[in-house]
Amino acid sequence: MSPTTIGFIGICVLIVLILFRMHIGICMGLVGFVGFAWIAGMEPALGILKTVPYTTFASHGMSVIPLFILMGSFAFAAGMSEDLYRAVHKLFGSLRGGLAMATVAACACFAAISGSSLATAATLGRVAMPEMKKYKYDDALATGSIAAGGSIGILIPPSVILIIYGILTEQSIGKLFLAGFVPGVLEAIFYIITIMLLTRFKPELGPPGPRTSTTEKLMALLKTWEVIVLFMVVIGGIYTGLFTPTEAAGIGAFCTFLFALLRKKMNWRNFTESLASTMQTSGMLFLIVLGAMILGYFFSITRLPFELSSAVSALPVNRYVILTLILLVVLVLGCLMDSLAIVLLTVPVFYPLIIDLGFNPIWFGILVVRVTEMGLITPPVGLNVFIIKGITNVPMETVFKGVFPFLIADFLQILLMIAFPQIILFLPNLMNG
């Protein structure tokens, strides 16, 4: 049996194990180890188990993951999400569908300090849903806006998935962060326009709330100054080359801790819970990264990605047709598994092909993450939908009905980014260093 055939069998086994809900990190590590041992022998495979964990986790760049997660945990403990929602509530609340627009805007802002879609959806869902129920919003619009808005969390920097993509492909994490900023903001704008159109044709979906004065709006915005400072320090520092992403993560976590102290929200209980949550999430992610690295060695020895790259590159079709097929594969997988699993499974296989076709790897990374975001709100899995259902007790079919218009907006934005790559690449091309 050829190594390429063994590689294909390995992918099939991996997908089956993931569908049986085995931990993605263990799945990848197990398939990678067994497959490598099958081809190269047990001794080289054991050598990988001995060296890969050390070389992976001894890397200074890996510390960026727990530091950004810690920053998000401190921000949650400080209650910044509630102030964000109140501020955008004052700005948009008097419009038809204004509370749903405020939810999307608050999700985009909280994503800038959270880096997690699930955390963003869960946090804003608890804050926004009671307000929308109070003003008799349609359940589908209310839950759909929270679920869709929460998905922005993995695109606007800092993003854990963009960090993982950067590690897998050896691309600049700083450039990936900058590349995700404009598409993330554009995504929020597309969602807000979608809400405006829905409530224009069906005003009963989102009745307007009470009007607020200019003074009230300014006072509410002033209460979000910590979030603005954090974003400017972290992303501004990376953009100017003042410090690396790892240093930015450390500074961001420390500043968030100080802000929580100033707000008198950081007691010993919140501090220990933030550390425990960070350790739990980081441990899970590190196990996934380790499994991906071992699986990468297996794919390398099978030459499956390179054989696939050569075969597909030789097809007499336009390269954008191939790109479309790759993104469709990612979208279909998004209906079946979580976003991190999709990136770890598809990137090692498709990345060599993308390079052979001459596409920019930063641009491709943002497209993959953007399509992966759609998986968070598509049936039958839709992790954000499950979270919103658990928080609100709204029937699952109602939530999926609510996210459908936002999926149309997603398709339109992705087409726009493919047609105009500079939407993604403008800021990274200006970055120092």
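Structural data are supplied above this passage.
Values in this document were obtained by computation on a predicted structure and should not be read as measured data.

A. Geometry of the overall build of the protein chain. When its secondary structure is counted, the protein chain shows 21 helices and zero strands. Taking 22 Å as the expected radius of gyration for a compact globule of 433 residues, we find that the protein chain reaches 22 Å, a close match to that expectation. Seen through its principal axes, the protein chain has C-alpha atoms that stretch 70 × 50 × 40 Å. Burial statistics for the protein chain: of 433 residues in total, 54% are counted as buried. Entry remark: accessible area of the protein chain is about 18400 Å², with carbon and sulfur atoms responsible for 70%. Here the protein chain contributes 24 positively and 19 negatively charged side chains, and the mean placements of these two sets differ by 9 Å.

B. Looking closely at the state of the cysteines. Taken as a whole and judged by the stated rule, the model has zero disulfides. Its sulfur unpaired, Cys27 is 14 Å from the next cysteine sulfur, which belongs to Cys12. In this structure Cys255 is a free cysteine whose sulfur lies 18 Å from that of Cys109, the closest cysteine sulfur available.

C. Quick peek at the environment of Tyr54. On the secondary structure map, Tyr54 appears in helix α3 (residues 42-57). Looking at Tyr54, the relative accessible area reads 62%, which means it is exposed. C-alpha separation for the pair Tyr54 and Ile251, spaced 197 residues apart in sequence, amounts to 26 Å.

D. Structural context of the pattern of salt bridges. Counted by the stated rule, this structure contains six salt bridges. Put simply, Arg263 and Glu226 hold a salt bridge, and the shortest N to O gap is 2.9 Å. One end of the pair, Arg263, is in the loop between α13 (245-262) and α14 (268-302); the other, Glu226, is in helix α12 (residues 225-240), with 37 residues separating them in the sequence. Taking the shortest distance from any N to any O, the salt bridge between Arg370 and Glu373 comes out at 3.2 Å. With Arg370 and Glu373 both in helix α18 (residues 361-375) and three residues apart, this pair spans about one turn of that helix. Residue class for Glu373 comes out buried when judged on its relative accessible area of 0%. Because the salt bridges share partners, they merge into one network encompassing Glu187, Arg370, Glu373 and Asp410.

E. Representation of the packing of aromatic side chains within the structure. Throughout the structure, instances matching the rule amount to twelve aromatic pairs. Through a chain of ring-to-ring contacts, the aromatic side chains of Phe74, Phe257, Trp268 and Phe271 assemble into a single cluster. The aromatic ring of Phe359 is capped on one face by Arg319, whose charged end is 4.4 Å from the ring centroid.

F. Looking closely at helix α20 (residues 396-419). With 24 residues, α20 should reach 34 Å at 1.5 Å per residue; the first-to-last C-alpha distance of 34 Å fits that figure. Elements in contact with the buried residues of α20: α8 (139-150), α10 (173-201), α16 (319-334), α18, α19 (383-392) and α21 (422-430).

What counts and how
Residue indices follow the written sequence of each chain, beginning from 1 at its first position. Confidence filtering applies because this is a predicted model: local features only for residues at pLDDT of at least 70, side-chain atom pairs given and counted only at 80 or more, and all residues used for totals across whole chains, interfaces and linings. Values shown for side chains rest on all heavy atoms present in the structure; no hydrogens or waters enter the calculation. Only runs of H or I of at least four residues qualify as helices and only runs of E of at least two qualify as strands under DSSP, and these elements are numbered from the N terminus. In this description the radius of gyration comes from C-alpha coordinates, and the expected globular size is given by 2.2 Å times residues to the power 0.38. Here's how the labels work: a residue is buried when its accessible area is under 20% of the maximum for its type, exposed when over 50%, partly exposed in between, all with a 1.4 Å probe on protein chains only. For accessible areas, the Shrake-Rupley method is used with a probe of radius 1.4 Å. Any residue's cover is judged against the shown protein chains and nothing else. When charges are counted, Lys and Arg are positive and Asp and Glu negative, with His and the chain ends excluded. All charge positions are set by atom: Lys at NZ, Arg at CZ, Asp at CG, Glu at CD. A pair of cysteine sulfur atoms is labelled a disulfide when the two atoms are within 2.5 Å. Salt bridges are defined as contacts in which a side-chain nitrogen from Lys or Arg sits within 4 Å of a carboxyl oxygen from Asp or Glu. Pairs were defined over the aromatic rings of Phe, Tyr and Trp, the Trp ring being its six-membered one, requiring ring centres within 6.5 Å. Orientation was assigned from the angle between planes: stacked under 30 degrees, edge-to-face over 60, tilted for the rest. As a reminder, the over-ring test applies to NZ of lysine and CZ of arginine, requiring each to be within 6 Å of the ring centre and within 35 degrees of the ring normal. In a helix, the anticipated span is given by 1.5 Å times the number of residues less one. Whether two residues are in contact is decided by their heavy atoms, any of which lying within 4.5 Å being enough.

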